[in-house]
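This is what each chain is made of:
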Amino acid sequence: MRAQPKASHFINGTYVESPNGKAFQSIYPATTEVIAELHSADEATVDAAIAAAKEAQKVWAATDPITRGRVLLKAAELLRERNQELSELETLDTGKPIQETLVADAASGAECLEYFGGLTSTLTGEYIDLGGSFALTKREPLGVCAGIGAWNYPIQIACWKAAPALACGNALVFKPSEVTPLSALKLAEIMIEAGLPAGVFNVVQGFGDVGARLVSHDDVAKVSLTGSVPTGAKVAALAGEHLKKTTMELGGKSPLIIFDDADIENAVSAAINANFYSTGQVCSNGTRVFVHTTIKEAFLARLAERTGNAVLGDPMDEATSIGPLVSKAQFDKVLGYMKIGADEGARLICGGDRASVASLPEGYFVQPTVFADVKDDMRIATEEIFGPVMSVLDFDDEADVIARANDTAFGLAAGVFTKDIQRAHRVIDQLQAGTCWINTYNLTPVAMPFGGYKKSGMGRENGHAAIEYYSQIKSVYVEMGDVEAAF
Ligand code: NDP
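Residues numbered from 1 in each chain as written. Predicted model: local features only at pLDDT ≥ 70, side-chain atom pairs only at ≥ 80, totals over all residues. Heavy atoms only, no water.

**Quick look at the environment of Arg460**
- Structurally, Arg460 can be placed in the loop between β19 (457–458) and α16 (465–468).
- Note: C-alpha distance between Arg460 and Val268 (192 residues apart in sequence) is 29 Å.
- Residues in contact with Arg460, not counting those within four places in the same chain, are Thr247, Glu249, Gly434, Pro449, Phe450, Gly451, Gly452, Tyr453, Ala465, Ala466 and Tyr469.
- For Arg460, the side chain forms a polar contact with the main-chain oxygen of Gly452, separated by 3.3 Å. (Helix = DSSP H or I, 4+ residues; strand = E, 2+ residues; numbered from the N terminus. Contact = heavy atoms within 4.5 Å. Polar contact = N/O pair within 3.5 Å; in protein donor to acceptor, adjacent residues only side chain to side chain.)

**So, the nonpolar core**
- In terms of nonpolar packing, the biggest core is built from 94 residues, with Leu79, Leu113, Phe116, Leu166, Met191 and Phe201 touching the most fellow members.
- Among the elements that make up this core, the one with the highest residue count is helix α6 (residues 154–167) (ten residues).
- For Leu79, the contacting residues outside a window of four places in its chain are Leu86, Ala106, Gly109, Ala110, Leu113, Ile155, Cys159, Leu187 and Ile190.
- By size, the runner-up hydrophobic cluster in this structure holds 30 residues, among which are Ile257, Phe259, Met378 and Val389. (Core = buried A, V, L, I, M, F, W, Y, C linked by side-chain atoms within 4.5 Å. Buried < 20%, exposed > 50% of the residue type's maximum accessible area, 1.4 Å probe, protein only.)

**Quick look at the packing of aromatic side chains**
- Taken as a whole, this structure holds nine aromatic pairs when the rule is applied.
- Relative to Phe386, the ring of Trp151 has its centre 5.3 Å away and its plane inclined at 75°; by these criteria the two rings are edge-to-face. Taken together, the positions of Trp151 in the loop between β7 (144–148) and α6 and Phe386 in the loop between α13 (379–382) and β16 (389–395) put the pair 235 residues apart, joining distant regions of the chain.
- Relative to Tyr364, the ring of Phe331 has its centre 5.6 Å away and its plane inclined at 40°; by these criteria the two rings are tilted. Of this pair, Phe331 sits in helix α12 (residues 328–343) while Tyr364 is found in the loop between β14 (347–350) and β15 (369–372), placing the two residues 33 residues apart along the sequence. (Phe/Tyr/Trp six-rings, centres within 6.5 Å; stacked < 30°, edge-to-face > 60°.)

**Some remarks on the pairing of strand β3 (residues 23–28)**
- Of the two faces of β3, the one lined by Phe24, Ser26 and Tyr28 is fully buried and the one lined by Ala23, Gln25 and Ile27 carries no buried residue.
- Pairing of β3 with strand β4 (residues 33–39) involves six bridges; the strand directions are antiparallel. Bridged to Ser26 within β4 is Ala36.
- Linkage of β3 to β4, two consecutive antiparallel strands, is achieved through a turn of four residues, within which Thr32 is found at a positive phi near 70°. (Pairing = 2+ DSSP bridges.)

**Side note on the sheet that holds strand β17 (residues 413–417)**
- On the basis of which strands lie adjacent, the open sheet formed by seven strands has the order β14-β15-β16-β13-β12-β17-β18 and mixed pairing. Edge positions in the open sheet fall to β14 and β18 (435–438), since each of these has one partner strand only. Neighbour-to-neighbour, the strand axes of the sheet open up by a mean angle of 20°, direction not taken into account.
- Inspection of the sheet shows strand β12 (residues 255–258) paired to β17 by three bridges, in the parallel sense. Bridged to Ile257 within β17 is Val416.
- Contacts between helix α11 (residues 296–307) and the sheet are confined to β12, β13 (288–292), β14, β15 and β16, with β14 contributing the most and set at about 45° to the helix.
- Packed on one face of the sheet, helix α14 (residues 398–406) meets β12, β13 and β16 and runs near 175° to β13. (Axes fitted to C-alpha atoms, helices over the stretch in contact; angles between N-to-C directions.)

**A short note on the site of the ligand**
- Among the 29 residues in the neighbourhood of the ligand, the closest are listed as Gly149, Glu178, Ser228, Thr231 and Glu384.
- Here an oxygen atom of the ligand sits 2.7 Å away from a polar atom, N or O, in the side chain of Thr231.
- Measuring from a nitrogen atom of the ligand, one finds a backbone N or O atom of Leu250 at 2.7 Å.
- Notes on the ligand: free accessible area 900 Å², of which the protein chains cover 86%. (Near = heavy atom within 4 Å. Areas by Shrake-Rupley, 256 points an atom, 1.4 Å probe, with all protein chains shown as cover.)

**A short note on helix α9 (residues 229–241)**
- Between its terminal C-alpha atoms α9 stretches 18 Å, which fits the 18 Å expected from 13 residues at 1.5 Å a residue.
- Among the residues of α9, those classed as buried are Val229, Gly232, Val235 and Ala239. Buried positions in α9, seen along its axis, are confined to an arc of 120° and lie on one side of it. Among the exposed residues of α9, those oriented more than 90 degrees off its buried face are Pro230, Lys234, Ala237 and Glu241.
- Looking at the buried side of α9, the elements it contacts are α8 (208–216), β10 (222–226) and β11 (245–249). (Expected span 1.5 Å × (residues − 1). Arc of directions from axis to C-beta.)

**Re unusual backbone geometry**
- Positive phi values are uncommon outside glycine, yet Asn12 reaches one of about 55°.
- Its place among the elements puts Asn12 in the loop between β1 (9–11) and β2 (14–16).
- One non-glycine residue, Ser278, lies in the positive phi region at around 50°.
- With respect to the helices, strands and loops of the structure, Ser278 is situated in the loop between α10 (264–276) and β13.

Here it is, written out as structure tokens:
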């Protein structure tokens, strides 16, 4: 097995196995070859990870912030040095093409570590003048945090949680998706090499039950989940029962609105990026593309032409732009939605079926698919598909399209294409979405907070905003005079 780790878990600075835990495999979705065999953590293993984190957190929180920052910066440097190796691993685990993983996965994780590494010594409190006496605030870590990840951006998600958590002086126990368990272990190795004390960043593998044990454990102060809305509801309910702090990065069905004055070529590029990057497996994807009726046919013609240039093939080949879906389950789900779209009467512009790649006959490849004339209530327009299936809807009126764009329980992201700057801002101001773009789509620089409105999430990752979710403020009143009492 070409990606077999030394053991399934990484706890207190070392690889640990849990031979009695449920066995599972990681497969390369382009071939279905088994690349690693692991075991889910049993209860004792989860508890050991939390215990290690609890001890290590005290040391880490007492480490001066500049030193903490230096460790995160060193980890970023090591990630960059090993980008090729880490990208190949991520491609094997997820099936995403190497042309993407080389720039979007470990590389974005490194940026996140750099950003938060640079912030460690700026996490100050404030002085509050009380007229003689005064108060001060201190920003303190929460303690042990748990991170639970989805499978679409495994190392990026691990970094998006680890970097702010560690910058604030917390320890983290991270559970990757069991579909993509491998790169988080490499990150754990790199953290140790960068000088992170053993136990500050730990990885435990497993299914939902492992996630649930992390959430309910008394020594875990906070939970950050990246996953679907149904899982988010379960995790938030369990966290609520234990009054844990939470960050929820959940799913979406985001609108991308293209007005009649938009640059069509750029709008087509954005729609492609918003639907087909990572084979459509991106939470913030703009899967409801509202196009003004006057430019709709021109937009569709150019979109079909350019989608025809997509290169489906061996993910390890840098020329490949679309890889397989991550798993058989996702493959079946996405093919199911392609059928639903056709059955619902949407007009198929391109794709609509599985794709055959001659050299990889077992791979979970599907064609990048565009449906036009999609109606608001069709399932392909209301449910998160998480695959390369774009729904194009028509509109004529600005107020109407805003109302339709908002008519969903999700609220993760939204985009607007227009050359009219006032209209762009007017529309964005009314869209119920946590992350918005004007004249582009799906760019998520680490300095920009990321997160959802409505059922798409709670809290924010990235940017200064993330600090609020990994630290707590202690207020200290300092009496400078005498203390008066009634008697
Ligand atoms: P899931 O919701 O199925 O799983 C997310 C994680 O939660 C996995 O590690 C999963 O483990 C774990 N989990 C499942 N059940 C429980 C439970 N009861 N308690 C604790 N943990 C649990 O999501 P997917 O992995 O399928 O990822 C796709 C989803 O993630 C999409 O909806 C997508 O939109 C969303 N997502 C959101 C992002 C954001 O930032 N907003 C970014 C990326 C993806 P296991 O895998 O073993 O089931």
